[in-house]
Amino acid sequence: GVQTCALPISSGQYIVADSDLIIKVFDNNGKFVKSFRLPPLIDDNGTELSIDSWPVHLATDMNDDIYALVKEKNCKDSHWIFKFNKTVEKHLRFRVREMGFDFYLCKLSVSDSGKVLVLKGDWRKEYYIVDVYETDGRFVCSFGEQILRSPRDITVTASDGRVMVVELFPSRCVHIFSENGDHLSKFDLQDSLHHPNIAFHKESQQVIVASTDSTENLLHVGIYTKDGKFLRSTLIHKEIFGLHGIAVTTEGRIAAVAKFKDNTGKVIII
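Report on the accompanying structure. Note that the structure is a prediction, hence the values are computed from the model and not measured. (Residues numbered from 1 in each chain as written. Predicted model: local features only at pLDDT ≥ 70, side-chain atom pairs only at ≥ 80, totals over all residues. Heavy atoms only, no water.)

This brings us to the nonpolar core. With 35 residues, the main nonpolar core has Leu-38, Val-56 and Ile-81 as its most contacted residues. Looking at this core, the elements with two or more residues in it are β2 (14-17), β7 (57-60), β8 (66-71), β9 (79-84), β11 (105-110), β12 (115-122) and β13 (127-134). Top element by residues in this core is β8. It accounts for five residues. If you look at the next biggest cluster of nonpolar residues, it comprises 16 residues, including Ala-199, Ala-210, Val-221 and Ile-240. (Core = buried A, V, L, I, M, F, W, Y, C linked by side-chain atoms within 4.5 Å. Buried < 20%, exposed > 50% of the residue type's maximum accessible area, 1.4 Å probe, protein only. Helix = DSSP H or I, 4+ residues; strand = E, 2+ residues; numbered from the N terminus.)

This brings us to the pattern of salt bridges. One pass over the structure, following the stated rule, counts 18 salt bridges. Between Lys-115 and Glu-134 there is a salt bridge, and its shortest N-O distance comes to 3.7 Å. Here Glu-134 lies in strand β13 and Lys-115 lies in strand β12, a separation of 19 residues in the sequence. Since its relative accessible area comes to 16%, Lys-115 is described here as buried. When salt bridges with common partners are traced through the structure, they connect Asp-160, Arg-162, Lys-226 and Asp-227 into a single cluster. (Salt bridge = Lys/Arg side-chain N within 4 Å of Asp/Glu carboxyl O.)

Pairing of β2 with strand β3 (residues 22-26), which is carried by four bridges, proceeds in the antiparallel orientation. Residue pairing in the sheet places Tyr-14 in a bridge with Phe-26 of β3. Pairing of β3 with strand β4 (residues 32-37) involves five bridges; the strand directions are antiparallel. By the bridge assignment, Phe-26 is partnered in β4 with Phe-32. Counting the residues in the hairpin turn of β3 and β4 gives five residues, including Gly-30, whose phi is positive at 85 degrees. (Pairing = 2+ DSSP bridges.)

In structure tokens, the structure reads:
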């Protein structure tokens with residue numbers, strides 16, 4: 001099946017969401033370590049809800065807890081988050097705050113201060129926000145409603161908890177917010193990108209923006225400082241037709257989950 005997201009954790013392993021709600025763990029050489037299936041989704045009334053097998057978005061926190069964002073089947077305004085400890089022996093789940101209408105984009109990130117951030121919205125209404133939750137599911141606040149126009153992905157800087165949201169138009173840029181939602185600044189991206197994804201490398205304090213090139217289906221990777229200064233970029237010559245997510249290891253390796261022409265999904269390590 002087509003994997004939907006990849007996440008390295010501090011142990012150097014990669015966590016990949018595969019088809020049929022299976023989460024697979026690989027070591028830093030790409031060797032399979034273990035897998036587990038997401039548990040049944042039980043709501044507060046004790047009713048088991050059906051989950052869509054795609055997309056499943058993943059994140060980890062500084063304690064190596066694993067977060068999985070899923071969508072209830074046949075219900076576009078019902079998303080849930082599972083939180084697992086690193087041994088996957090215990091989990092809790094909580095519902096993402098409903099918006100009152102169908103929404104399509106839903107991305108996930110977790111800050112070092114223990115906040116869970118969900119980027120969500122609907123392109124038809126040009127309405128997007130970031131919800132902030134405690135790790136036990138308590139809603140904290142939301143922000144970005146008057147600023148975000150066409151966001152694609154979200155990440156959090158490790159040093160100061162700033163929230164970065166990459167946007168496709170009206171300009172290809174990255175918005176920078178405080179963890180409380182104050183809009184601090186934005187910076188423009190180099191080159192022509194198609195559906196960009198964003199990640200933060202804690203050790204170098206650098207921002208990585210990866211995308212398919214809009215004309216030749218190449219993998220484009222741009223590196224910026226956390227303040228938005230462009231450092232360098234590279235093109236990877238692979239016939240990539242979609243990018244589902246990126247993450248960066250402590251050693252600086254970039255893991256990109258890509259879809260290819262034959263509709264297969266692979267994790268590319270750069």
